[in-house]
Amino acid sequence: MKKFIIANWKMMPRDAAHVREILVRTDEFLQGFQERTPMSLVFCPPFVFLDEVAGFLRQSHLLHDAELGAQDVAARDEGAATGEVSGSQLVASGVRYVIVGHSERRAMGEDDDAVNAKLKAALRNGLVPIVCVGEVSRDGEWEDMLRAQLRGTFRDSGSDDVSRCLIAYEPVWAISTTPGAKPDTPASAAQSAGLIREFLRSEFGSGDVRVLYGGSVKPDNAAGFLTDEAFNGVLVGGASVKPDDFAAIIRASVIT
Ligand code: PGA
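Predicted model only: the values in this text are computed from it and were never measured. (Residues numbered from 1 in each chain as written. Predicted model: local features only at pLDDT ≥ 70, side-chain atom pairs only at ≥ 80, totals over all residues. Heavy atoms only, no water.)

**Student:** Would you explain the nonpolar core in this entry?
**Tutor:** Nonpolar side chains tend toward joint burial in soluble globular proteins. If you look at the biggest cluster of nonpolar residues, it comprises 70 residues, and the most contacted ones within it are Ile5, Leu41, Phe43, Phe154 and Leu200. Ranked by residues supplied to this core, first place goes to helix α8 (residues 186-204) with 7 residues. Leu41 has contacts with Ile5, Thr26, Leu30, Leu62, Asp65, Ala66, Glu67, Phe246 and Ile250, leaving out every residue within four places of it along the chain. In this structure, Val42, Tyr97, Ile130 and Ala168 belong to the second largest nonpolar core, which totals 13 residues. (Core = buried A, V, L, I, M, F, W, Y, C linked by side-chain atoms within 4.5 Å. Buried < 20%, exposed > 50% of the residue type's maximum accessible area, 1.4 Å probe, protein only. Helix = DSSP H or I, 4+ residues; strand = E, 2+ residues; numbered from the N terminus. Contact = heavy atoms within 4.5 Å.)

**Student:** Can you help me understand the packing of helix α1 (residues 16-31) against helix α2 (residues 50-59) in this one?
**Tutor:** Running from N to C, α1 and α2 cross one another at 25°; their axes reach a closest spacing of 10 Å. Here α1 is positioned roughly parallel relative to α2, judged by the angle of their axes. In the packing of α1 onto α2, the handedness of the crossing is right-handed. Residue-level inspection shows Ala16, Val19, Arg20, Leu23, Val24 and Asp27 of α1 in contact with α2, the latter providing Glu52, Val53, Phe56 and Gln59. (Axes fitted to C-alpha atoms, helices over the stretch in contact; angles between N-to-C directions. Parallel < 35°, antiparallel > 145°, perpendicular 65-115°, else oblique. Left-handed = near helix turned anticlockwise from the far one by under 90°.)

**Student:** Whenever I open this one, the site of the ligand confuses me. Can you help?
**Tutor:** All residues adjacent to the ligand are Asn8, Lys10, His102, Glu170, Ile175, Ser176, Gly215, Ser216, Leu235, Val236, Gly237 and Gly238. In the environment of the ligand, an oxygen atom lies 2.7 Å from a nitrogen or oxygen atom belonging to the side chain of His102. Between the ligand and the protein, one listed contact pairs an oxygen atom with a backbone N or O atom of Ser216 at 2.7 Å. Within the shell around the ligand, the residues separate by chemical class into 3 nonpolar, 7 polar and 2 charged. (Near = heavy atom within 4 Å. Polar contact = N/O pair within 3.5 Å; in protein donor to acceptor, adjacent residues only side chain to side chain. Nonpolar A, V, L, I, M, F, W, Y, C, P; charged D, E, K, R; others polar.)

**Student:** So what exactly am I meant to see when it comes to the side chain of Asn125 here?
**Tutor:** Along the chain, the position of Asn125 falls in the loop between α5 (112-124) and β5 (128-133). Reaching out from Asn125, the side chain makes a polar contact with the backbone nitrogen of Ser88 at a distance of 3.4 Å. Setting aside its immediate chain neighbours within four residues, Asn125 contacts Asp77, Gly87, Ser88 and Val91.

**Student:** What is the right way to look at α2 in this model?
**Tutor:** Given 3.6 residues per turn, any residue in an α-helix points the same way as the ones three and four places further on. Three or more residues of α2 are buried, namely Leu50, Val53, Ala54, Phe56 and Leu57. Each buried residue of α2 lies within a common arc of 165° when the element is viewed along its axis, so the set occupies one face. Residues of α2 that are exposed and point more than 90 degrees away from the buried face comprise Asp51, Arg58 and Gln59. Each element contacted by the buried residues of α2 is listed here: α1, β2 (39-44), β3 (66-70) and α3 (87-92). (Arc of directions from axis to C-beta.)

**Student:** Before we go on, may I ask you to explain the environment of Val211 in this structure?
**Tutor:** You can see Val211 is positioned in strand β7 (residues 210-214). Its relative accessible area of 0% is what places Val211 among the buried residues. Considering only alpha carbons, one finds Val211 and Ile99, 112 residues apart in sequence, at a separation of 14 Å. Other than its neighbours up to four places away in sequence, Val211 contacts Ile167, Tyr169, Ala193, Ile196, Arg197, Ala230, Phe231, Asn232 and Gly233.

**Student:** Please clarify how the pairing of strand β6 (residues 166-169) should be interpreted in this entry.
**Tutor:** Each regular strand shows side chains that alternate between the opposite faces of the sheet. Alternating positions in β6 separate into two faces, Leu166 and Ala168 on one and Ile167 and Tyr169 on the other, with burial throughout. Here β5 runs beside β6; their pairing, made up of 4 bridges, is parallel. Note on β6: the bridge partner recorded for Val131 is Ile167. The pairing of β6 with β7 spans 4 bridges and is classified as parallel. Bridge pairing in β7 links Tyr169 to Tyr213. This β-α-β element, β6 to α8 to β7, shows right-handed connectivity. (Pairing = 2+ DSSP bridges. Right-handed = clockwise from strand over helix to strand, strands pointing away.)

Right, dumping it as structure tokens:
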């Protein structure tokens, strides 16, 4: 099964020089990396660096291994919407994937309806949505909260729509910037991945649901997620802008 390693750079690269440093060092690492498993790297930079990354991917070794993603997309396709970037503009910039519903954007006020509209915009424009879901804490009826979030996020979707998505299970309590964060374990996250697949199958009739894990994925725990059949890959935040850590995470995708 092909594994996705998705780099969510958030707002972290300082400037274009930092962007190039990450890409050059990842490229150098891949050139010497023999034991490949089927893998797809997706770099999701801030909008202002999309061109820089697209240009690098076209002329480097990463051409074979990496694709371009964005961190957000406008819900509508055109018109006056200051500060927004449309799906067709992303496609024209070489973008193939887009993160929707990240918990950091949900915390800024995006509710399930807003995420649903962005998910539909992504699909309408032929992008692959990376749909983030996850409970804020493990208090109370967290599994019901997760199901409700899935129901709202995917409202009015068909089984084909769901199959086109990558669904990132990202428990908010595990994301590295949450105070006191600790990563979920592969065994526990696999149960949540099972809940997600089961819910989407029963609610939307989707047979083929691709689930990633995200939340403090680091060199020391990446192999546990990447070699577990419950996951189609990982979504990496903080460690994805540290070239050595990111290379170690790629190395962890090799099943030994
Ligand atoms: P983290 O972020 O790897 O720094 O925990 C993951 C994410 O927020 O997508």
